[in-house]
Amino acid sequence: MPITAGKRKALPHARVSGSKQEYDVHDLGLAGAGKRRIEWAERQMPVLKSIRDKFHADQSLKGQRLGACLHITCETANLLRALKAGGAEVFACASNPLSTQDDVAAALVEHYGIPVFAVHDEDRDTYYNHLRAVLERNPTITMDDGADLVSLLHTEYRAHASSVRASMEETTTGVIRLRAMEKDRALKIAVVAVNDAETKHFFDNRYGTGQSTLDGIIRATGVLLAGSVMVVGGFGWCGRGIATRARGMGADVIVTEVNPIRALEAAMEGFRVMRMDEAARVGDIFVSATGDKHVLSSQHFTLMKDGAILCNSGHFDVEIDMAYLNDTAKKVERNVTNHVDAYVLSTGRTLYVLGQGRLVNLACAEGHPAQVMDMSFATQALAAQWVATSAQLPIKVHAVPREIEDEVSTLKLAAMGIKIDTLTKEQKKYLESWETGT
């Protein structure tokens, strides 16, 4: 499920040495501002900083070529710095055309010596050429955010797949794609489902997506959430984070679902639950967070209020049927305000779409807070170390080892100044007796 084309051609500041492109960023003159932003994020990522120090000492990634397809943000920059500190040769491209922070990309090249291939609002061709630039460097380990890099590895770069020890996948959508490939016996490399780690989805998906989605909506529109009717499509970890935070800001939240268990959870959490065609008639703001296509579609657009706001908090720009809106709208007005496009329907009603229907927290804001990415990227870094220092993993989708989860959560608690109880010998013995039946 590829990224669709952006609207503007990239104007990159690139350098080519011989036949290989060394980097491709918008403007190296932005590097100073990017370095300051990276250093600010570092102050809020103590767990990843401690892992970077550990990696610097043990050089456990030495000899690995690590290709990352991630959102090029100040938080990601600190992950890349940690991987490089461990001795890896690191290079990166963007996992979304609208998420790149150009100053951060420039700083990674200029100040940290990490080749980056990413330009904010790059078009489709540039996006895929940047993925190819990463794979052309023959990575032994990859990191992905949506599985676009791994998908290309399984098509154009099949011959290189046998050289890849494993890939880490950061998103729900990406893990779904990779599990489908595993089921179809199409998967050619080992994959670590970082997204499924408790230290990732319990916190990143729920608290990170919950806060950053609302941040994107508010930055783009300035809308008052209190008193507004917000419709949240999906009640997975991302959806429940969005719904909970919106309710905390005074919104009247409606949840739509296809999963009966999650629908029951939402109802028992006190949210109104209904079908999307019912919610479409009453919603002021619509957020889709499912990972599936056309959650908001033609049958819903015609029912919506004049002035309804639509946005997507899933990885790919498929959750809102943008093709239908672009093909059938009587009039389209781009950037009525930053990152907001107006679609005038044949009925005369106007719908406002944020961030071209792409991931709203990165298209219209700056993504998750550094404090929550501290845990996700710490898990990523330790998973990379595990892959690098283990025997070759079997070709399948693997869970993150429990020891990594415990290490990350323990380090995070310590960084927050929180101490917890430990079991006494008597308590451990009592629990073990139940487990063994003795």
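Computed from a predicted structure; not experimentally measured.

Caption draft 1: Layout of the environment of arginine 165. Position of arginine 165 relative to the elements: it lies in the loop between helix 6 (148-153) and strand 7 (166-169). Considering only alpha carbons, one finds arginine 165 and serine 390, 225 residues apart in sequence, at a separation of 9.7 Å. Those residues in contact with arginine 165, other than ones at most four positions away along the chain, are Gln64, Thr140, Ile141, Ala190, Val387, Ala388, Ser390, Ala391 and Gln392. A polar atom in the side chain of arginine 165 sits 3.2 Å from the backbone oxygen of valine 387.

Caption draft 2: The side chain of aspartate 145, seen in detail. Positionally, aspartate 145 belongs in the loop between strand 6 (141-144) and helix 6. Buried charge aspartate 145 goes without a salt bridge, the closest partner of opposite sign being lysine 200 at 6.7 Å. Aspartate 145 has contacts with Cys69, Leu70, His71, Ser95, Glu169, Glu170, Thr171 and His315, leaving out every residue within four places of it along the chain.

Caption draft 3: Just empty space enclosed by the protein, in detail. Taken as a whole and assessed by the stated rule, the structure comprises one cavity of 30 Å³ or more. Here the largest cavity is characterised by a volume of approximately 40 Å³. The element best represented in the lining of the largest cavity is helix 2 (residues 46-58), accounting for three residues. Here the lining of the largest cavity is built from residues that sort into two nonpolar, one polar and three charged.

Caption draft 4: The arrangement of the nonpolar core in detail. Core analysis: the largest hydrophobic core is formed by 60 residues, its most contacted members being Ile72, Leu83, Leu108, Val116, Met143 and Met168. Apart from residues no more than four positions distant in its own chain, leucine 108 is found in contact with Ile72, Ala77, Leu80, Gly113, Ile114 and Val116. With 27 residues, the next largest nonpolar core counts Ile242, Phe271, Ala289 and Val360 among its residues.

Caption draft 5: Main features of the sheet that holds strand 9 (residues 229-233). Strand order in this open sheet of eight strands is 11-10-9-12-13-16-15-14, and the pairing throughout is mixed. Of all strands in the sheet, those with a lone pairing partner are strand 11 (272-273) and strand 14 (331-337), marking the two edges. Note: strand 15 (residues 340-344) against strand 16 (residues 350-354), five bridges, orientation antiparallel. Its bridge partner lying in strand 16, aspartate 341 is registered against valine 353.

Caption draft 6: Molecular detail of the side chain of serine 212. Residue placement: serine 212 occurs in helix 8 (residues 198-221). Taking relative accessible area as the criterion, serine 212 reaches 1% and is therefore assigned buried. There is a polar contact of 2.8 Å between the side chain of serine 212 and the backbone oxygen of glycine 208. Those residues in contact with serine 212, other than ones at most four positions away along the chain, are Asn361, Gly367 and His368.

Caption draft 7: Quick look at the packing of aromatic side chains. Applying the stated rule across the entire model yields six aromatic pairs. Ring centres of phenylalanine 235 and phenylalanine 271 lie 5.7 Å apart, and the angle between their planes is 65 degrees; this geometry places the pair in the edge-to-face category. In this pair, phenylalanine 235 sits in the loop between strand 9 and helix 9 (237-248) while phenylalanine 271 sits in the loop between helix 10 (260-268) and strand 11, placing the two residues 36 residues apart along the sequence. In this structure, phenylalanine 235 and phenylalanine 271 share a single accessibility class: buried. The ring of phenylalanine 91 carries the charged tip of arginine 137 above its face, separated from the ring centre by 5.5 Å. Against the face of tryptophan 237 rests arginine 240, its NZ or CZ located 4.5 Å from the ring centre.

Caption draft 8: Examining the pairing of strand 15 more closely. Buried residues dominate strand 15, accounting for five of its five residues. Taking every second residue as pointing to the same face, both faces of strand 15 are buried, with Val340, Ala342 and Val344 on one and Asp341 and Tyr343 on the other. Inspection of the sheet shows strand 14 paired to strand 15 by four bridges, in the antiparallel sense. Bridge assignment links lysine 331 to a residue of strand 15, and that residue is valine 344. Connecting strand 14 to the antiparallel partner strand 15 that follows it, the hairpin turn spans two residues, and histidine 339 within it adopts a positive phi of roughly 70 degrees.

Caption draft 9: The pattern of salt bridges, seen in detail. A full pass over the atoms with the stated rule returns 22 salt bridges. Between glutamate 39 and lysine 35 there is a salt bridge, with its nearest N and O atoms 2.6 Å apart. Residue glutamate 39 and its partner lysine 35 are located together in helix 1 (residues 31-43), separated by four residues, close to a single helical turn. Owing to a relative accessible area of 27%, glutamate 39 belongs among the partly exposed residues under this scheme. With a closest N to O distance of 3.5 Å, arginine 358 and aspartate 317 form a salt bridge. Separated by 41 residues along the polypeptide, arginine 358 in the loop between strand 16 and helix 14 (360-363) and aspartate 317 in the loop between strand 13 (309-312) and helix 13 (322-328) bring together distant segments of the chain. The pair arginine 358 / aspartate 317 is uniform in exposure class, with both members buried. Several salt bridges share partner residues, and in doing so they unite Arg37, Asp103, Asp215, Arg219 and Glu366 into one network.

Caption draft 10: A look at the confidence of the model for the protein chain. Per-residue pLDDT for the protein chain averages 93, and the proportion of residues at 70 or more is 95%. Scored below 50 in pLDDT, residues 1-12 makes 41 contacts in the model with residues more than four places away or belonging to other chains.

What counts, and where the lines are drawn
Residues numbered from 1 in each chain as written. Predicted model: local features only at pLDDT ≥ 70, side-chain atom pairs only at ≥ 80, totals over all residues. Heavy atoms only, no water. Helix = DSSP H or I, 4+ residues; strand = E, 2+ residues; numbered from the N terminus. Contact = heavy atoms within 4.5 Å. Polar contact = N/O pair within 3.5 Å; in protein donor to acceptor, adjacent residues only side chain to side chain. Buried < 20%, exposed > 50% of the residue type's maximum accessible area, 1.4 Å probe, protein only. Lys, Arg positive; Asp, Glu negative; His and termini not counted. Salt bridge = Lys/Arg side-chain N within 4 Å of Asp/Glu carboxyl O. 1 Å grid on protein atoms, 1.4 Å probe; cavity = no way out; pocket = protein on both sides within 12 Å on 5 of 7 lines; lining within 4 Å. Points joined across faces, edges and corners; volume = space filled by probe spheres on them. Nonpolar A, V, L, I, M, F, W, Y, C, P; charged D, E, K, R; others polar. Core = buried A, V, L, I, M, F, W, Y, C linked by side-chain atoms within 4.5 Å. Pairing = 2+ DSSP bridges. Phe/Tyr/Trp six-rings, centres within 6.5 Å; stacked < 30°, edge-to-face > 60°. Lys NZ or Arg CZ within 6 Å of the ring centre and 35° of its normal. pLDDT = per-residue confidence, 0-100.

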